[in-house]
Amino acid sequence: MPDRRQFLHAAGMTAAAATLPARSYARILGANDRVRVGIVGFSDRCRGSLIPAFQKHATDLNFELVAVSDIWSLRREAGSAALQKLGQSAPIVCRNNDELYARKDVDAVLVATADFQHAQHGVEAVRAGRDAYVEKPMANTMDDARALLKAVKDTGKIVQIGTQRRSARNYQQAHEYLKSGKFGDIVAVEMTWNVNQPGRWRRPGLVGKLRQEDTDWNRYLLNRPKEAFDPRKYLEFRLFWPYSSGIPDQWLVHQIDTVHWFTGYPRPRSVVANGGIYLWQDGRRNWDTFTGVYDYGPLDDPKKGFQVIYSSRMTNAAGDVKEYYYSNGGMLDLDKNTVTDTGGMRENHAKAMGLQANLLPSMSIAEAAATTTAADTGADDATSANMWNWMECVRSRKTPNASVDAGYSHSVALCMTIAAIQTGQRVTFDDATQDVVIGGQGVSSAARR
């Protein structure tokens, strides 16, 4: 007897095949059923998270890692060794993406390169006819965000962005609960992401191993301004603009993405930011402490809305990672996965104004959701669930959970944040030009400090 996963998979494939064009049908059934996937950038994220997530589902969904493309010889060799451990006797090893996409035996790719490269590498992939799993942030300039959005719309390729909360069971249940209306209108959101790790995003051991002759510095820079080779900016890119904004690129996009998803709002109405490098004076250019205030609500009705207060520091870990959504009746806590009456309107305060008390019943998010909408991946890990969703969508040609549209929205919020950090001013957005606005004039989010 087939197990539940096999049954659901077979049923899903049959249903999908009935509605797909011939070329997609051929991908699902027949001798060429296996989906061959290449790695673009054998990074820490790829090795530690994406490959393990991929391997959990590769056998069930008939996917296989067959290739690695990396411009640094050391990582090419490490990627080849990793694929051999997975059973590839002769993995495809490419010095760059031109070599990778010149091949006919790679169907899709996992993009896990530096923050500023994600969008450009995503464009390369889909324009070359490949589906792609593209790590977050999707883009940290509006030019790059617009380029990938257009490329995906033009080609119809399946692109999943690495904002894996969209595939996590608890977040899907929270989304369902909020959409039910039982929580009430969101009146405030508080988010934190705090660590105390001097070595976070530092790679001192690798920096000493990177020689310019062993990589392709010009290809690394892509569309960023040309400058002299710097191994720190190559390997510790998260500390240096214009390669990354650090905290916003890495952490904000994960959490602000849930605001867009839960509310349906495509972007903040405005952003202000403050912070600095308060402790880790190690040559970095990106802040180790950041606070942003985001105004959300209907774009055409400023009388309605709420604030998101986002704070993150790399200097003290108290508070850890938290996401709190508030209504007049209580709180949705995505750390504890609970709904409580915390902060709700008590009877004595309500009665004084002739109102009724407003207190949410306490329950788990699972209890609050009417049904379970999340896919059964057989794993609790959000990255695993997001990878499974992408792999399923490569076969069914359905829109994945963390679509390019969702990625574009978090990129808008990110670019607004970067502009607020760099200028110290209140930043808005012009929907006509699709660019951030400072002082009444549209400016590119790639503006330098």
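To keep things clear, this report deals only with the structure shown in the data block. (Residues numbered from 1 in each chain as written. Predicted model: local features only at pLDDT ≥ 70, side-chain atom pairs only at ≥ 80, totals over all residues. Heavy atoms only, no water.)

A few words now on the pattern of salt bridges. Counted by the stated rule, this structure contains 30 salt bridges. Where salt bridges share partners, they join R202, R232, E236, D282 and R284 into one cluster. (Salt bridge = Lys/Arg side-chain N within 4 Å of Asp/Glu carboxyl O.)

Membership of the largest hydrophobic core comes to 94 residues, with the highest contact counts inside it found for V109, Y220, Y294, V308, Y310 and Y325. It is helix α16 (residues 404-423) that provides the largest number of residues to this core, a total of nine residues. Beyond its immediate chain neighbours, meaning those up to four positions away, V308 contacts V189, M191, I256, V259, G292, V293, Y294 and Y296. By size, the runner-up hydrophobic cluster in this structure holds 26 residues, among which are V37, A58, A112 and V394. (Core = buried A, V, L, I, M, F, W, Y, C linked by side-chain atoms within 4.5 Å. Buried < 20%, exposed > 50% of the residue type's maximum accessible area, 1.4 Å probe, protein only. Helix = DSSP H or I, 4+ residues; strand = E, 2+ residues; numbered from the N terminus. Contact = heavy atoms within 4.5 Å.)

On to the packing of aromatic side chains. Summed over all chains, the structure comprises 21 aromatic pairs. Ring geometry for Y133 and W390: centres 6.0 Å apart, planes at 80°, overall edge-to-face. In this pair, Y133 sits in strand β5 (residues 131-134) while W390 sits in helix α15 (residues 382-396), placing the two residues 257 residues apart along the sequence. You can call Y133 buried: its relative accessible area is 0%. When its relative accessible area of 0% is taken as the criterion, W390 is described as buried. Ring centres of W201 and W251 lie 4.9 Å apart, and the angle between their planes is 45°; this geometry places the pair in the tilted category. Remark: W251 occurs in helix α12 (residues 247-263) and W201 occurs in the loop between β7 (188-194) and α9 (204-207); sequence separation between them is 50 residues. Overall, W251 belongs to the buried group, its relative accessible area being 3%. Taken together, W72, F116, W217, Y220, F229, Y234 and Y243 form an aromatic cluster joined through their ring pairs. (Phe/Tyr/Trp six-rings, centres within 6.5 Å; stacked < 30°, edge-to-face > 60°.)

This next bit is on the sheet that holds β5. The parallel open sheet is built from six strands, whose spatial order is β3-β2-β1-β4-β5-β6. Edge positions in the sheet fall to β3 (92-94) and β6 (159-161), since each has one partner strand and no second. On average, each strand axis in the sheet is inclined to that of its neighbour by 20°, with strand direction left out of account. The sheet strands contacting α15 are β1 (35-40), β2 (63-69), β4 (108-111), β5 and β6, and the helix crosses β5 at an angle near 165°. (Pairing = 2+ DSSP bridges. Axes fitted to C-alpha atoms, helices over the stretch in contact; angles between N-to-C directions.)

Below, the discussion takes up the pairing of strand β10 (residues 306-313). The side chains of a regular strand alternate between both faces of the sheet. The alternating pattern of β10 places F306, V308, Y310 and S312 on a buried face, while none of Q307, I309, S311 and R313, on the opposite face, is buried. Where β7 meets β10, seven bridges bridge the pair, whose relative direction is parallel. Bridged to A188 within β10 is Q307.

The next thing to look at is helix α7 (residues 142-155). Along an α-helix, residues three or four positions apart point the same way, because every turn accommodates 3.6 residues. The first and last C-alpha atoms of α7 sit 20 Å apart over 14 residues, in line with the 20 Å expected at 1.5 Å per residue. What α7 keeps buried is the set M142, D144, A145, L148, L149, A151 and V152. Following α7 by one or two positions, G156 adopts a phi angle in the positive range, close to 70°. (Expected span 1.5 Å × (residues − 1).)

These values are about where atoms sit, not about what they do.
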